[in-house]
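Descriptive structure summary
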Amino acid sequence: MAEGLVDLRSDTVTRPTEGMRRAMAEAEVGDDVYAEDPAVRALEERVAAMFGHEAALFVPSGTMGNQIGMRLVCEPGQEILCDADAHVVTYEMGAAAAIFGISTRTVVSDRGRLDADALVAQVRPRDDWHLTATAAIAVENTHNRGFGRVQPLGELEKLWDWSRGAGVAVHLDGARIWNASAASGVDLATYGRLADTASVCFSKGLGTPVGSVLVASAERIAQARLWRKRLGGGMRQVGVLAAACLYALDHHLPRLGEDHEHAQLLAKLLGVDPAAVETNMVVVDDVPAPLIAEAAKAQGVLVGQVSPRRIRLVTHLDVDRAGIERAAEVLNGLLDR
Ligand SMILES: *Cc1c(COP(=O)(O)O)cnc(C)c1O
């Protein structure tokens with residue numbers, strides 16, 4: 001973060017720390033297209049084990065992880081069901097349709113909250129000559145447009161149990177699954193076992209410059225490796241990036257709770273209901289977002305504009321308690337509270 005600036009637009013804005021840069025510089029590397037990069041292999045094995053899956057694949061972005069993950073469980077001409085605000089249908093540039101010929105159908109949710117019954121009610125069978133077959137359901141945890149909402153474990157379990165009997169796959173967009181686990185106390189392996197394919201990100205709260213990992217069965221990951229190469233995601237001595245991810249698991253994952261405490265503090269200082277803040281995102285509604293954003297920026301505080309009347313503040317590694325207090329002071333001055 002530039003000196004003196006408090007950047008709360010997103011947790012993607014973090015810069016690699018000194019320790020992370022050292023780990024990157026010292027990484028042992030090889031050619032990962034030959035599957036010979038030791039740091040990448042170590043990361044893939046470690047993440048697969050954390051989520052209780054057989055195998056994993058390092059990919060450049062969460063979007064690629066999600067799209068390959070969905071392609072593994074859905075054929076062209078079939079559909080994936082998800083909620084209407086899901087990242088996979090909102091922020092991935094129509095990739096499922098544009099690249100894979102996958103149809104998506106959405107169900108409106110209560111601020112991203114997973115409602116297993118509502119999704120299941122929309123599922124269409126595979127063996128009907130008239131209907132587009134539902135091959136999979138995509139779930140997002142935490143939910144980005146749901147203000148960092150943590151999905152209820154009971155709903156995840158209900159969907160999973162139903163899906164086994166129905167032959168419908170479950171894909172988890174776990175870009176911020178780390179935050180979900182830190183907030184709920186549910187371990188990563190439990191979340192992992194409730195999905196056929198899962199994509200997890202290192203460039204959000206974990207603070208690396210790049211990187212996501214897709215986990216699934218060994219057979220599916222072998223397929224995923226082909227898709228990654230086809231999409232231009234085959235990378236060479238990329239252990240320098242995997243080393244950053246390994247460093248983040250050791251040093252940044254254990255401190256995620258701090259971001260959640262900072263979000264609670266920020267909510268309190270801004271008079272936002274703390275119960276609406278489940279992880280690292282604070283949303284302020286009914287405000288002139290462009291005006292607030294511009295005026296805050298002039299005072300060194302950057303905020304996200306989600307809509308013309310809504311601003312979003314995301315806590316992360318590069319904002320400490322003093323930064324939170326300063327942001328609150330600036331925003332309270334502007335919000336007229
Ligand atoms: C950030 C994010 C992704 C991945 O985005 P990339 O920019 O492609 O890394 C996926 N899902 C959610 C919910 C996200 O917030």
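Residues numbered from 1 in each chain as written. Predicted model: local features only at pLDDT ≥ 70, side-chain atom pairs only at ≥ 80, totals over all residues. Heavy atoms only, no water.

Moving on, we get to the domain arrangement of the protein chain. Split into domains, the protein chain comes out as domain 1 (6-14 + 255-335) and domain 2 (18-251). For domain 1 versus domain 2, the distance between C-alpha centres works out to 27 Å. Counting residues at the interface gives 16 residues for domain 1, matched by 18 residues for domain 2. Both sides together, the interface formed by domain 1 and domain 2 hides about 1500 Å², and carbon and sulfur atoms give 52% of it. Counting the surface domain 1 buries against domain 2, the share from its top three residues, L256, E278 and M281, is 35%. In this structure, the connection of domain 1 to domain 2 is made through two salt bridges. The residue R149 makes a salt bridge to E278 at a minimum N-O spacing of 3.6 Å. Run the count over domain 1 and domain 2 and you get five residue pairs in polar contact (both at pLDDT 80 or more). Counting only elements with at least two residues in the side of domain 1 that touches domain 2, the list comes to α12 (256-270), β9 (281-285) and β12 (310-314). For the side of domain 1 that touches domain 2, a count of residues per class yields five nonpolar, six polar and five charged. (Domains from an automatic or database assignment. Contact = heavy atoms within 4.5 Å. Buried area = accessible area lost by both parts, 1.4 Å probe. Salt bridge = Lys/Arg side-chain N within 4 Å of Asp/Glu carboxyl O. Polar contact = N/O pair within 3.5 Å; in protein donor to acceptor, adjacent residues only side chain to side chain. Helix = DSSP H or I, 4+ residues; strand = E, 2+ residues; numbered from the N terminus. Nonpolar A, V, L, I, M, F, W, Y, C, P; charged D, E, K, R; others polar.)

All right, on to the pattern of salt bridges then. Under the defined criterion, the tally for this structure stands at 17 salt bridges. With a closest N to O distance of 3.7 Å, R255 and E258 form a salt bridge. Accessibility expressed as a relative area gives 39% for E258, which makes it partly exposed. In this structure, E325 and R321 form a salt bridge, with 3.3 Å as the shortest nitrogen-oxygen distance. Taken together, the residues E325 and R321, both in helix α14 (residues 321-335) and four residues apart, mark about one turn of the helix. By relative accessible area, R321 is classed as partly exposed at 48%. Put simply, R164, D196 and R220 are held in one network by salt bridges that share partners. (Buried < 20%, exposed > 50% of the residue type's maximum accessible area, 1.4 Å probe, protein only.)

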